[in-house]
Amino acid sequence: MQWPFSRRAKALTSSAIREILKVTEQPDVISFAGGLPSAATFPVEAMQVATRKVLGEQAESALQYGPSEGLGKLREWIAKEYSRDGAEVRPSQVLLTTGSQQALDLIAKALIDPGSRVLVETPTYLGALQAFSLFEPEYVSVASDEQGLLPEALTPEVIEGARFLYALPNFQNPTGRRLPLARREALAAIAREHDLPIVEDDPYGELDYQGERLASLRSLAPKQVIHLGSFSKVLAPGLRLGYVIADDPLIAKLVQIKQAADLHTPSFTQQVIYEIVSQGFLTGHIPGIRALYAERCRAMLAALEKHMPAGVHWNRPEGGMFIWVTLPESLDSTELLTEAIRERVAFVPGAPFYATAPQPNTLRLSFVTVEPARIGEGIQRLGRLVARQLGG
Ligand code: PMP
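Residues numbered from 1 in each chain as written. Predicted model: local features only at pLDDT ≥ 70, side-chain atom pairs only at ≥ 80, totals over all residues. Heavy atoms only, no water.

## Observations regarding helix H3 (residues 44-57)
Which entries qualify depends on this criterion: Only DSSP runs of H or I reaching four residues or more are called helices, and only runs of E reaching two or more are called strands; each is numbered from the N terminus. Each helix should span, by expectation, one fewer than its residue count multiplied by 1.5 Å. Only protein chains enter the accessibility calculation, which uses a 1.4 Å probe. A residue is then buried if its area is under 20% of the maximum for its type, exposed if over 50%, and partly exposed in between. The reported arc concerns the directions from the helix axis to the C-beta atoms and nothing else. Contacts were defined at the residue level, with two residues in contact if any of their heavy atoms lie within 4.5 Å.
With 14 residues, H3 should cover 20 Å at 1.5 Å per step; its first-to-last C-alpha distance of 20 Å lies within 8% of that length. Among the residues of H3, those classed as buried are Ala46, Ala50 and Val54. End-on view of H3: buried residues confined to an arc of 60 degrees, all on one side of the axis. Looking at H3, the residues exposed on the side facing more than 90 degrees away from the buried face are Val44, Glu45, Val49, Arg52 and Gly56. Among the structural elements, helix H4 (59-62), helix H12 (267-277) and helix H13 (281-307) are those in contact with the buried residues of H3.

Take a look at the structure:
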């Protein structure tokens, strides 16, 4: 059968890396490749209690169709949480989505025409590039350094005609870097001055190891910023629950688009999550996630220090799930991955995270799903391999 694929479907290619990474599911491979949270942090008991309560007391509405905007009381809860961040959020400004990944798709549908300019970080979240690319934008990669976006790179010529800037200020996927406050303020000032929409994708904001928070872009430019949040990294990603916070006209448009996509986010999931979060569960739960991730991050940093040869560089994240490694320029991390799999260790090559001009000597390490002893072993294997490649 010759399927009559659409132009956009034809443009999709399946990633060679994804194929290579399939083997990482084998138990003897130490994988730093997955972008998954640690299953040890999943709130199994709280889910059991809340599920029983929802089915016992409100099964009818939990199992029925619901509003496209999302469950009213959960929208209220999110609005109240965010209102503490400095800029008030009204429940009407909150839209529940099927993970924040869906929010990226809805935003792309709302704001991107073929050839529209979209500004992204260098590098940026691969899943956002996949969501946006279906709508055929022209990407402009905005210069960034180890602390994130450089506001001075957003010159009037770069901003001209841009539909939005996609930004990840907190513990970015893939680099783990966090944007300093002064840069947030500068970005917000640019957004306000030029009326530049910013999509602020923030699934990792709560995962600051010290428990401190820098002002969100939304709190600094509430009119221009579309904020994306998610329960994936603070509860569990299998729930597929995320949200958008934005001004009313944009939310109204996203609601129309969401109706066409899936009518609404599952009622049952929203009610269960509401039962959990409205009892203050996250206040007790998140510090445990932070402590676990901080410990594993320290273990990986110590192992890198010990096992990586000279000329290899990496950042020291203050939160989140990732470390970004820059190898000497003579090395290509995609080629290295094939060798690494043979040594039973895996990572994600950095190249796919660049919208334009990939840097092949970079790679992403995820440390949260691996026990500290195995982290040491895995980094030792990787260090040996890099040293061998450099030594010729
Ligand atoms: N944005 C970023 C930066 C992410 O890292 C992820 C998850 N890998 C997502 C969005 C999607 O998350 P969700 O599970 O909420 O769809």
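## A closer look at the pairing of strand S12 (residues 322-326)
Under the convention used in this document: A pair of strands is labelled paired if DSSP reports no fewer than 2 bridges between them.
Of all five residues that make up S12, four are buried, and the element is covered over most of its length. Here five bridges tie S12 to strand S15 (residues 362-366), and the two strands are oriented antiparallel to one another. The partner of Trp324 across the bridge, within S15, is Arg364.

## Looking at helix H11 (residues 248-262)
The end-to-end C-alpha distance of H11, which contains 15 residues, comes to 20 Å, matching closely the 21 Å that a straight helix rising 1.5 Å per residue would cover. Within H11, the full set of buried residues consists of Leu250, Ile251, Leu254, Val255, Ile257 and Lys258. For H11, the secondary structure elements touched by its buried residues are strand S2 (94-97), helix H6 (99-111), strand S9 (225-230) and strand S10 (242-245). Following H11 by one or two positions, Leu263 has its phi on the positive side, about 65 degrees.

## A closer look at the confidence of the model for the protein chain
For residues with low pLDDT, the predicted coordinates do not support detailed interpretation. The condition that has to hold: Confidence scores here are pLDDT values: one per residue, from the predictor, ranging 0 to 100.
This prediction gives the protein chain a mean pLDDT of 96; 99% of its residues lie at or above 70. The ipTM assigned to the predicted complex is 0.99, against a pTM of 0.97.

## Remarks on the site of the ligand
To keep it simple, the criterion reads: In this text, near means that some heavy atom of the residue lies within 4 Å of the molecule or strand in question. Any N or O atom pair separated by 3.5 Å or less is treated as a polar contact, with the protein-specific requirement of one donor-capable and one acceptor-capable atom, and with residues adjacent in sequence counted only for side-chain atom pairs. Values of accessible area rely on a 1.4 Å probe in the Shrake-Rupley scheme; residue burial ignores everything except the protein chains shown. Gly counts as polar in this scheme, as do all residues outside two lists: the nonpolar Ala, Val, Leu, Ile, Met, Phe, Trp, Tyr, Cys and Pro, and the charged Asp, Glu, Lys and Arg.
Close to the ligand lie 13 residues, the nearest being Asp201, Tyr204, Ser230, Ser232 and Arg240. In the environment of the ligand, an oxygen atom lies 2.8 Å from a nitrogen or oxygen atom belonging to the side chain of Asn173. Its free accessible area being 400 Å², the ligand has 92% of it covered by the protein chains. Looking at the shell around the ligand element by element, the count peaks at three residues for H6. Class assignment of the residues belonging to the shell around the ligand gives a composition of four nonpolar, six polar and three charged.

## Considerations on the packing of aromatic side chains
Geometry of an aromatic ring pair is reported as the spacing of the ring centres plus the angle between the planes. Stated formally: Aromatic rings from Phe, Tyr and Trp, with only the six-membered ring used for Trp, were paired whenever their centres fell within 6.5 Å, and each pair was classed as stacked if the ring planes differed by under 30 degrees, edge-to-face if by over 60, and tilted otherwise.
For the structure on display, the rule yields seven aromatic pairs. An angle of 90 degrees between the planes, with centres 6.2 Å apart, marks the rings of Trp324 and Phe353 as edge-to-face. Taken together, the residues Trp324 in strand S12 and Phe353 in the loop between strand S14 (348-349) and S15 connect sequence positions 29 residues apart. Of the two residues, Trp324 and Phe353, neither departs from the other in class, the shared state being buried.

## Here's the deal with the packing of helix H14 (residues 333-342) against helix H15 (residues 372-391)
Operational definition: Fitted lines through C-alpha atoms give the axes, limited to the stretch in contact for helices. The angle between two N-to-C directions lies from 0 to 180 degrees. Roughly parallel here means an angle under 35 degrees, roughly antiparallel means over 145, roughly perpendicular means 65 to 115, and every remaining angle is called oblique. By the definition used in this description, the sense in which the near helix is turned from the far one sets the handedness, with an anticlockwise turn below a right angle giving left-handed and a clockwise turn giving right-handed.
Running from N to C, H14 and H15 cross one another at 125 degrees; their axes reach a closest spacing of 10 Å. Relative to H15, the element H14 is oriented oblique. Here H14 and H15 pass one another in a crossing that is right-handed. Contacts from Leu336, Glu339 and Ala340 in H14 reach Leu382, Leu385, Val386, Arg388 and Gln389 in H15. A breakdown of the residues in the contact of H14 with H15 according to their chemical character gives five nonpolar, one polar and two charged.

## Description of the nonpolar core
It is characteristic of soluble globular proteins that their nonpolar side chains tend to be buried jointly. Short version of the rule: Each nonpolar core is a collection of buried residues, namely Ala, Val, Leu, Ile, Met, Phe, Trp, Tyr and Cys, held together in the definition by side-chain atoms within 4.5 Å.
Grouped together as the largest cluster of nonpolar side chains are 48 residues, with contacts concentrated most on Phe32, Met300, Ile323 and Leu365. When neighbours within four sequence positions are excluded, Phe32 is seen to be in contact with Met300, Val345, Ala346, Phe347, Arg364, Leu365, Ser366, Val370, Arg374, Ile375, Gly378 and Ile379. Listed in part, the 28 residues of the second largest apolar core include Leu129, Phe135, Phe164 and Ile226.

## A few points about the packing of H6 against helix H7 (residues 126-133)
Remark: H6 packs on H7, axes separated minimally by 8 Å, with the N-to-C direction vectors making an angle of 35 degrees. Our pair here, H6 against H7, has a crossing hand that is right-handed. Along the contact surface, H6 presents Gln101, Leu104, Asp105 and Ala108, while H7 presents Gly127, Ala128, Ala131 and Phe132. Partitioning the contact of H6 with H7 into residue classes produces five nonpolar, two polar and one charged.

## Concerning the sheet that holds strand S7 (residues 162-167)
Strand order in this open sheet of seven strands is S2-S10-S9-S8-S7-S3-S4, and the pairing throughout is mixed. Of all strands in the sheet, those with a lone pairing partner are S2 and strand S4 (138-142), marking the two edges. Each strand axis lies, on average, 20 degrees off the axis of its neighbour in the sheet, ignoring direction. By the bridge criterion, four bridges tie S9 to S10 in an arrangement that is antiparallel. Its bridge partner being in S10, Gly229 is matched across the sheet by Tyr243.

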